Structures are given as C-alpha cells and as structure tokens.
Amino acid sequence: MSFGETPITLVGNLTDDPELKFTEGGAALAKFTIAVTPRSFDRTSNQWKDGTTAFYRCAAWRQLAEHVAESLTKGSRVVASGRMRQHDWTTPEGDKRSMLAVEIDDIGASVRFTTVTVNARRPAQSGPAGDDPWAKTGTPAGAQSGDEPPF
C-alpha cells in the first residue's frame, strides 16, 4: 500500500454475483458490491437493531478476480480488505462526476455464521514435490529416522 492511501476492511454480504470481465490486455477484473449493515443491541427493547446499510462498489484484479468469480455468489458473507479509490470522469454532456470504490487486495468468506469448504490451490512447483519440505518422502540429510519436526 502506498503512502496516503486509505485502507479499509469491509464485513458484509455480496448484493449480486461478481461480474467477471477481461481487459483488452487480458487482465481479469471482477466487479461486485458489498452491503455493510451495522447492528447494535437496544437494551430497552432487548433486541438487535439494524443501522443504515452502506453499499461499497468493489473491484478485484487478475487471479484474485478469477477466484472471487469462482468462489463467491450473491448473499455470500465476506471479509474484504483493500483501499478506497476515487474515480473522476466527465459525462458526454460535460458534467464532472466522481465516485468512491474499493480496490480489493484480499477477500474471503466469513465463517461467523456458516461453514465453508476451502479448496487450496498450490502454486506451480519446481520439482517432483516442489519446495515443500513436508511433501518430500524419505529421510532428510542429517536426520535420523523417526525424528520429530523441529517445533
């Protein structure tokens, strides 16, 4: 994150399925909206009360965009972190417009009210077992058979 950027973390629900597009250069872009509704406990009525819902327009790029489109759907509760960005443009009539949006750096399904299944994808591996020392078979050099991991 660069100096002067506004970091933000959102916890809320997707209002629709993410929309996946590709730029002319081939970069994936997922656009979606996260609805965030604050809740507070009203002691007089002994009930939870919803506050005013805020809607945050979000964008994720490249591999993250593809993962968002494959993994999340309308109604998914998510925890997302990113940075606020201001976008300025001029309409065909010459009117100046601007909007705030969140450029997402990381996002995941919230497990506060539900369970999820994670399908981990490993990055490209360099050898038969990659660089993962736990995936290698046999005894490492200098280790005795039956040695415990060093933790």
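I will try to describe carefully the structure that is included in this document.

So, how was this worked out
- Residues numbered from 1 in each chain as written.
- Predicted model: local features only at pLDDT ≥ 70, side-chain atom pairs only at ≥ 80, totals over all residues.
- Heavy atoms only, no water.
- Helix = DSSP H or I, 4+ residues; strand = E, 2+ residues; numbered from the N terminus.
- Contact = heavy atoms within 4.5 Å.
- Areas by Shrake-Rupley, 256 points an atom, 1.4 Å probe, with all protein chains shown as cover.
- Core = buried A, V, L, I, M, F, W, Y, C linked by side-chain atoms within 4.5 Å.
- Buried < 20%, exposed > 50% of the residue type's maximum accessible area, 1.4 Å probe, protein only.
- Salt bridge = Lys/Arg side-chain N within 4 Å of Asp/Glu carboxyl O.

1. Focus on the overall build of the chain
Helix and strand counts for the chain come out as one helix and eight strands. In the chain, the succession of α and β elements from N to C terminus is β-β-β-β-β-β-α-β-β. The long-range share in the chain, meaning contacts at least 24 apart out of those at least 6 apart in sequence, stands at 57%. About 11500 Å² of surface is accessible on the chain, with carbon and sulfur atoms providing 50% of the total.

2. Section: the nonpolar core
Among the nonpolar cores identified, the biggest contains 18 residues, and F32, I34, C58, V68, V102, I104 and I107 are the most heavily contacted of them. Those elements that place two or more of their residues in this core are β1 (6-14), β3 (28-36), β6 (54-61), α1 (62-71), β7 (77-90) and β8 (96-109). Top contributing element to this core by residue count: β3, with four residues. Once residues within four sequence positions are removed from consideration, I104 is found in contact with F32, C58, A59, A60, L64, A80, S81 and G82.

3. Thoughts on the pattern of salt bridges
Under the criterion given, the structure shown has six salt bridges. Across the pair E19 and K21 runs a salt bridge, and its minimum N-O distance is 3.3 Å. Classification of E19 by relative accessible area gives partly exposed; the value is 37%. The class for K21 is partly exposed, based on a relative accessible area of 40%. Of the charged contacts, one joins E103 and R83 as a salt bridge, the two residues approaching to 3.7 Å between their closest N and O atoms.

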